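Here's the letter readout for the chains.
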Amino acid sequence: MYLSDIKIEGYRLFKDKRILRLRKGLNVLVGENGCGKSTVIDAIRLLLNEDEYVRSGISEEDFYSSVDKKEWADTISIKGRFSDLSEEKKVEYITWLDKKYNAVLNIDIVRKQDRRNNYKKAIWGGEASNSIFDWEPLNDIQCVYLPALRDAEKKLKASRGSRLARLLINLSQKTLEEKRKAGELMDIEKDVNDFNEELAKKPDIARANELINDSLENALGTVFAQTTKIRFGDVTFERIVEALRIVFFPGKIPTEESVYRNLFENSLGYNNLIYLATILAEFEGLKENYSSPRILLIEELEAHLHPQIQIKVLKYLKEQAEKNDIQVIITTHSTTIASATPIEDIISFNMTKNGIKITSLRKCIKDEQAKQFINRWMDTTRSTLLFSKGNILVEGLAEALLIPKLAEIYLSGLKLDNAPKSLEEAGISVINMNGIFFQYFMKIYDGYELIFPEQGDDESKEAYKERIDLFRKKDKYEEDEYEKTDFVPILCAAITDNDPKEEAPKKNDNVEGKNPQLFLKEQVKNMTDRCRIYTNVKTFEYDLALEKENAKKMIEIILDALPTNGDIRDRLNGYLAAYQNNEKVEQPKIALDILKQIDASYLGKGLFAQLLLEKISSTNDFIVPEYIKEAIKFVLEITEENEGK
C-alpha cells in the first residue's frame, strides 16, 4: 500500500487541480524555485495530519490568490489515493475504498472562519463526503517530515517528545503495555530505582538531603513541613528515555578509551544524518507492527552535505525504500542528487504560461534503451537541464564554453524591451553532450514515442532491421505510427555539425552532411513544437572562421600558440596581410586551414575555445553564425517581428 497520487486544488500556487503521480519507493521532485515542490510536500502533510515539525495550521495565505490579489480560491481541496492494498488492508480501510479498491482520503477547507478564527475543515474517506470518518486508519499511517531548514540537534536533544525518546518508546511499546497491565516495572525502571537507592547512601548526597529536610522543618514546623529526597530524575520509563541523549564519536570503530562528543560539537550535515538514521531505525524497528504506508518526506536532502555524501545517502534511501517498503519523497535543487537518481524516479515541476505542470519523467520515455542511456550519461553537468527554463544541447566543450558568450553578443544587438542580456539571465542551460546523443535527451521534451512495426513471418532479421532503421528516420509519422507521451514543457534546441563530404564548403552552401543524426532535424520540426535541431555548414570552428572579422581573431590566437616559425606562420600572416589590404581571399580555404591548426596537437579545440573566449570577452566584437542565432531565438521565443528587423 502506497500513496499513488495526490490531487491539489486551490492550495497556494495551485489554482486549478494538479495531480502528482507517485511511485513506490523513491520519488525525487526537481525544478526551479517557486514551482510548487514544497507546496506538494505540505499538502501531503496536511492530508496525513503530520506535525513532526510544527505546522501553524491553515492561514489566509494558504488559499490560492492571483498576483494582484483580485482572485482567491474559496476552497482548498486535497485528495490522496493509496493503491496496491492487500486483502487485509482492504478490510482495514473499507470505509476509504473506491470502486477500484483503492483507499481514498479527502480534505476540504473552506475560506470562512468560525468564531475561533479557524477555517472550516471537512475530512472523509472514499468518494462520499457524508460518510462517517474513521480516524484509526489515518493514525496508523506513519509519515515523517524533514524540512529544508531543519534543526536536527534540537530534535535530538534530551527532552519530552525528542526523536530518540519517540524511537525508544515505540520500540518498547508492546513490552511496556504488558508490564503496565501486570503492575510490573520495566527493567530500565528497576535499574534506575536501584541506582537512586545507592545514590542516596553516598555521604555527600545523604548529608545534603538531611540539611534540606532540617531547613524545611525549621521553617515550616512539623505540621506543615514536607520531606524531600535527592534522586536521579523521574523513574517512569517514558521520563527516563526522554532524559537520554545521543552522543557521537568521529569514526567507525571507537576504543574503550574513546571520548564521545556532544552533538553541538558535530557538523550540521552529520547531525542531519544522525536524525535521519533515527527515523529509519524507527521504521525498521516497527515494520512488524505496522503494515500501513510509511512515508518519509525530505525537503532538500542535500542540506549541509557535500556531494559524495549526497550520493551515498540518496542510494541508501533508495535501498531502504525498496527493502523496507518505505515511500521516500524528496525535493532537491542539487544537480548531484538529480544526476544520481534514475530517470524513472524523477518528477519535474515547471512553471508555464498556464500554471504549474508536473511531469513524471518515466511517462515521457517509454523506450528502455533511451532510459538506460540517460541514466548512464546523466552527470552533474547534464542534470542542470532538469532545473532550467530551456536548454541548448551541444556536441562538445568548445561549444559549451563559447555559445553563452556568443548569445550575450547577439542579445546585446537586439532592440527588445526587457530582453535578457544572457542565457543565464533567461534561465537557459547550455549542456555539453560530448557527442551527438540529442535524440535520447530530447525524449524528455518531444512528447511522442514511435510504435515500431513487428517483424514479418517471412522477413529476415537483416531485412527487418533495415526496415526499422528507415522507419526510425522518417521525417513525419502518421497517427497510427506513434503515441503521444507526457513531456517536460520547456524548449530544447540542439546544435550539431553538418560534417559534409566537401572539404571547404562556402558559407551559404546547402551541402549534404554525413552526421548520422541529421534525420532528426526535420522529424522533430514536424512532430513537436518544443524541440529543434540547428546545423552549420561544416563544423563549429569552421563556421566561425567563415566570417573574415572572426578569422582575424582566430588566426591571432593560433599565431600566439604556434610553437615554431616556418611555412604555417608565414601562411597565417599572409592571411592577415590580405585582410589588411582588402585583397580578395578564398574564405572557405582560410577557414579550413584555421580548423586544421585548431585540431593540431599543439592547440586543440578545448584550449582554443578558452583562448577565444578570453579574447572576445573584452571587446564583445564577434560575428555570431546564423544557425547559432536561430537556436538562441528558438529557446528564448524571439520572433522576426520582435527581433528588431
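Everything quoted here is computed from the prediction, not taken from an experiment.

Quick word on the packing of helix H15 (residues 397-412) against helix H25 (residues 626-635)
Each pair of packed helices can be described by the angle between their axes along with the distance between the axes. At their nearest, the axes of H15 and H25 sit 10 Å apart, and the two run at 80° to each other. When the axis of H15 is compared with that of H25, the two are roughly perpendicular. Here H15 contributes Ile403, Leu406, Ala407, Tyr410 and Leu411 to the contact with H25, which in turn contributes Ile628, Lys629, Ile632 and Lys633. Its residues assigned to classes, the contact of H15 with H25 shows 7 nonpolar, no polar and 2 charged.

Considerations on the nonpolar core
Residues Leu296, Leu317, Leu386, Leu393, Phe441 and Ile444 are the most contacted members of the largest nonpolar core, which totals 65 residues. By size, the runner-up hydrophobic cluster in this structure holds 54 residues, among which are Ala398, Leu411, Tyr579 and Ala609.

Describing helix H21 (residues 548-561)
For H21, with 14 residues, the first-to-last C-alpha span of 20 Å sits near the 20 Å given by 1.5 Å per residue. Residues of H21 that are buried include every one of Asn550, Ala551, Lys553, Met554, Ile555, Ile557, Ile558 and Leu559, and no others. Elements in contact with the buried residues of H21: helix H20 (540-545), helix H22 (567-580), helix H23 (587-599) and helix H24 (605-617).

Re the packing of aromatic side chains
What the rule picks out here adds up to 13 aromatic pairs. Arranged with centres 5.2 Å apart and planes meeting at 10°, the rings of Phe373 and Trp377 form a pair that is stacked. Taken together, the residues Phe373 and Trp377, both in helix H14 (residues 368-377) and 4 residues apart, mark about one turn of the helix. Using a relative accessible area of 26% as the deciding quantity, one classes Trp377 as partly exposed. Taken together, the ring pairs in this structure connect Phe373, Trp377, Phe437, Tyr440 and Phe441 into an aromatic cluster. For Lys443, the ring lying beneath its charged end belongs to Tyr448, and the centroid distance is 4.4 Å. Across from the ring centre of Phe487, 3.5 Å away, lies the NZ or CZ of Arg530, which sits over that ring.

With respect to a nonpolar patch on the surface
A cluster of nonpolar side chains, contributed by Leu220, Val223 and Phe224, occupies part of the molecular surface with about 350 Å² of accessible area. Within the secondary structure, Leu220 sits in helix H8 (residues 203-224). The class for Leu220 is partly exposed, based on a relative accessible area of 41%.

Looking at the sheet that holds strand E2 (residues 18-21)
In spatial order, the strands read E2-E1-E4-E5-E6; together these 5 strands make up an open sheet with antiparallel pairing. Two strands close off the open sheet at either side, each with one partner strand: E2 and strand E6 (119-125). Across this sheet, the average inter-strand angle for adjacent strands is 15°, counted without regard to direction. Sheet topology places strand E1 (residues 2-9) next to strand E4 (residues 75-83); 7 bridges connect them, and they run antiparallel. Bridge pairing links Tyr2 to Ser83 in E4.

Let's talk about the side chain of Asp497
Tracing the backbone through its elements, the reader meets Asp497 in the loop between strand E16 (491-496) and helix H19 (519-527). Despite its burial, Asp497 remains without a salt bridge, the nearest opposite charge being carried by Lys605 at 5.2 Å. A polar atom in the side chain of Asp497 sits 2.8 Å from the side chain of Asn536. When neighbours within four sequence positions are excluded, Asp497 is seen to be in contact with Glu395, Glu399, Asn515, Leu518, Asn536, Lys538, Thr539 and Phe540.

What to know about the pattern of salt bridges
A pair can form between side chains of opposite charge whenever their charged atoms are brought close. What the rule picks out here adds up to 42 salt bridges. Among the ionic pairs, Glu60 bridges to Arg111, the shortest N-O distance being 3.0 Å. Taken as a pair, Glu60 in the loop between helix H1 (37-48) and E4 and Arg111 in strand E5 (residues 103-113) lie far apart in primary sequence, 51 residues in all. Residue class for Arg111 comes out partly exposed when judged on its relative accessible area of 28%. When the shortest N-O distance is used, the salt bridge between Glu87 and Lys90 registers 3.2 Å. Taken as a pair, Glu87 and Lys90 lie in helix H2 (residues 87-92) at a separation of 3 residues, close to a single helical turn. Classification of Glu87 as exposed rests on a relative accessible area of 59%. Residues joined in a network through salt bridges with shared partners are Arg12, Asp42, Arg45, Glu50 and Asp62.

What counts, and where the lines are drawn
What you see as residue numbers is a count from 1 along each chain, following the sequence as written. The predicted origin of the model limits local features to residues at a pLDDT of at least 70 and limits the giving and counting of side-chain atom pairs to 80 or more, whereas totals for whole chains, interfaces and linings rest on all residues. Only hydrogens and water are set aside when side-chain values are computed; all heavy atoms of the structure are taken into account. Working convention: axes come from line fits to C-alpha atoms, limited for helices to the stretch in contact. Angles between N-to-C directions cover 0 to 180 degrees. In this text, helices come from DSSP runs of H or I with a minimum length of four residues, and strands from runs of E with a minimum of two, each type numbered from the N-terminal end. Throughout this description, any angle smaller than 35 degrees is read as roughly parallel, any larger than 145 degrees as roughly antiparallel, any in the 65 to 115 degree range as roughly perpendicular, and the remainder as oblique. Residue contacts are defined here by distance: any two heavy atoms, one from each residue, within 4.5 Å place the two residues in contact. Only Asp, Glu, Lys and Arg are considered charged, only Ala, Val, Leu, Ile, Met, Phe, Trp, Tyr, Cys and Pro nonpolar, and every remaining residue, Gly among them, polar. Buried Ala, Val, Leu, Ile, Met, Phe, Trp, Tyr and Cys residues form a nonpolar core when they are joined through side-chain atoms within 4.5 Å. Per-residue accessibility, obtained with a 1.4 Å probe over protein chains only, is compared with the maximum for each type, and a residue is labelled buried under 20%, exposed over 50%, and partly exposed between these values. Given the number of residues in a helix, its expected span is that number minus one, multiplied by 1.5 Å. Between the rings of Phe, Tyr and Trp (Trp by its six-membered ring), a pair exists once the centres lie within 6.5 Å; its type follows the angle of the planes, with under 30 degrees stacked, over 60 edge-to-face, and the other angles tilted. Each ring is checked for a lysine NZ or an arginine CZ that lies within 6 Å of its centre and within 35 degrees of its normal; such an atom marks a charge sitting over the ring. Patches in this entry comprise residues that are over 30% relatively accessible and not in a salt bridge; like charges within 9 Å are linked, as are nonpolar side chains (Val, Leu, Ile, Met, Phe, Trp, Tyr) within 5 Å. Working definition of accessibility: Shrake-Rupley area with a 1.4 Å probe, residue cover restricted to the visible protein chains. Any carboxyl oxygen of Asp or Glu within 4 Å of a side-chain nitrogen of Lys or Arg constitutes a salt bridge here. Pairs of strands are assigned from DSSP output, requiring at least two bridges between the strands. Asp and Glu count as negative and Lys and Arg as positive, but His and the ends of the chain are not part of the count. Throughout this description, a polar contact denotes any pair of N or O atoms lying within 3.5 Å of each other; where both atoms belong to protein, one of them has to be capable of donating a hydrogen while the other can accept it, and for residues adjacent in sequence the pair is counted only when both atoms sit in side chains.

These figures come from the coordinates and say nothing about function on their own.
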